[in-house]
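Now for the letters of each chain:
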Amino acid sequence: ASGGGNNELQYYIKDNATVKDGILSITARNETYGNRNYTSSRITTKFKGDFTYGRFQIRAKNPIGRGTWPAAWMMPSKSYYGNWPNSGEIDIMEYVGYSPNYTHHTIHTEALNHKIGTQVGKAFPIDSTTAFVLYELIWNPGELIWLVDGWEVFKYRYNPERYNDKPYQEVFPFDKPFFLILNLAIGGDWGINNIINKD
């Protein structure tokens, strides 16, 4: 595999993902690989597990350290409505090491995304570095619900009255198959804050 987008600093290799005692661990290492100064891993279910609607549960513990950017998220299996962000992105959980007391739960669509300042989501206060936390997404037609340790933290519903000037897919392209991604990025446009670079 190669590195991620968003100006991230890692190169993804399979060796950095291990399973022991039923726990999947993704480790980032400060080492040169290709043209990158870090290695990490990214696991996807694309074309192996593609889903339209359902309940998804990820039990995870986040790393401690500035520059870390782990995520459990979903992307469309095909670009049904066009390239990112038009076909959608669902972030079940994102975390950035410079803000260790929050997890983030968001969507990205053509009309609602951070590039144009319209992103929809919730930052939830929780310590996710000292114990495992259960992150859940309930995905129904026209509705997405996020839960953290059983608490509902965010809900997004298609509301035609609110978005009556937008086509359905521009605000809710979540009616096609998506796949899961688990990864640990280093740096990047969001995770870069105060990263300690390799000497």
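The structure this text deals with has already been given above.
Please read these numbers as outputs of a predicted model, since none were measured by experiment.

**Some words on the overall build of the protein chain**
A tally of helices and strands in the protein chain yields two helices and 15 strands. Since a compact globule built from 199 residues should have a radius of gyration of about 16 Å, the 17 Å found for the protein chain is in line with a globular shape. Dimensions of the protein chain, computed from C-alpha atoms along their principal axes, come out at roughly 55 × 35 × 35 Å. Per-residue burial over the protein chain gives 44% buried out of 199 residues. Expressed as a percentage of contacts within the protein chain between residues at least 6 apart in sequence, the contacts between residues at least 24 apart total 64%. Summing over all exposed atoms, the protein chain offers an accessible surface of approximately 10400 Å²; the carbon and sulfur share of this is 48%. Computed over 20 positive and 20 negative side-chain charges, the inter-centroid distance for the protein chain is 4 Å.

**Focus: the nonpolar core**
By size, the foremost hydrophobic cluster in this structure holds 31 residues, and its most contacted members are Met74, Leu137, Leu144, Trp146 and Tyr156. Listed by contribution, the elements that provide at least two residues to this core are strand 7 (54-60), strand 8 (68-76), strand 9 (89-94), strand 11 (120-125), strand 12 (133-140), strand 13 (143-148), strand 14 (151-157) and strand 15 (178-186). Broken down by element, this core gets its largest block of residues, four residues, from strand 12. Look past the residues within four positions of methionine 74 in its chain and what remains in contact with it is Phe51, Phe56, Glu89, Ile90, Ile92, Leu137, Trp139, Phe178, Phe179 and Leu180. Judged by nonpolar contacts, the second largest core, of five residues, contains Ala71, Trp73, Met75 and Ile181.

**Side note on the pattern of salt bridges**
Evaluation of the coordinates by the stated rule reveals three salt bridges. Between arginine 157 and glutamate 143 there is a salt bridge; the shortest N-O distance is 2.7 Å. Taken together, the residues span a long stretch of sequence, with arginine 157 in strand 14 and glutamate 143 in strand 13 at a distance of 14 residues. Judged by its relative accessible area of 13%, glutamate 143 falls in the buried class.

**Here we look at the pairing of strand 13**
Side-chain positions along a regular strand alternate between the two faces of the sheet. Counting buried positions over the six residues of strand 13 gives six, a clear majority of the element. Side chains of strand 13 alternate between two faces, with Glu143, Ile145 and Leu147 and Leu144, Trp146 and Val148 buried alike. Hairpin connection of strand 12 to strand 13: two residues between the antiparallel strands, including glycine 142 at a positive phi of 75°. In this structure, strand 13 lies alongside strand 14, joined through six bridges in antiparallel fashion. Paired with leucine 147 across the strands is glutamate 152, a residue of strand 14.

**Observations regarding the pairing of strand 3 (residues 23-26)**
Two strands pair when backbone bridges link them, and strand 2 (residues 17-20) and strand 3 are joined in this way by four bridges, in the antiparallel orientation. Paired with valine 19 across the two strands is leucine 24, which belongs to strand 3. Joining the antiparallel neighbours strand 2 and strand 3 is a turn of two residues, in which aspartate 21 adopts a positive phi near 55°.

**A short note on the sheet that holds strand 7**
Sheet architecture is open: four strands sit in the order 7-12-13-14, paired in antiparallel fashion. Of all the strands in the sheet, just strand 7 and strand 14 have a single pairing partner and so form its edges. Pairs of neighbouring strands in the sheet enclose a mean axial angle of 15°, with direction left out of account.

**Overview of the side chain of threonine 103**
Structurally, threonine 103 is set in strand 10 (residues 102-108). At a separation of 2.8 Å, a polar atom in the side chain of threonine 103 contacts the side chain of histidine 105.

About the criteria used
- Residues numbered from 1 in each chain as written.
- Predicted model: local features only at pLDDT ≥ 70, side-chain atom pairs only at ≥ 80, totals over all residues.
- Heavy atoms only, no water.
- Helix = DSSP H or I, 4+ residues; strand = E, 2+ residues; numbered from the N terminus.
- Rg over C-alpha atoms; globule rule 2.2 N^0.38 Å.
- Buried < 20%, exposed > 50% of the residue type's maximum accessible area, 1.4 Å probe, protein only.
- Contact = heavy atoms within 4.5 Å.
- Areas by Shrake-Rupley, 256 points an atom, 1.4 Å probe, with all protein chains shown as cover.
- Lys, Arg positive; Asp, Glu negative; His and termini not counted.
- Charge placed at Lys NZ, Arg CZ, Asp CG, Glu CD.
- Core = buried A, V, L, I, M, F, W, Y, C linked by side-chain atoms within 4.5 Å.
- Salt bridge = Lys/Arg side-chain N within 4 Å of Asp/Glu carboxyl O.
- Pairing = 2+ DSSP bridges.
- Axes fitted to C-alpha atoms, helices over the stretch in contact; angles between N-to-C directions.
- Polar contact = N/O pair within 3.5 Å; in protein donor to acceptor, adjacent residues only side chain to side chain.

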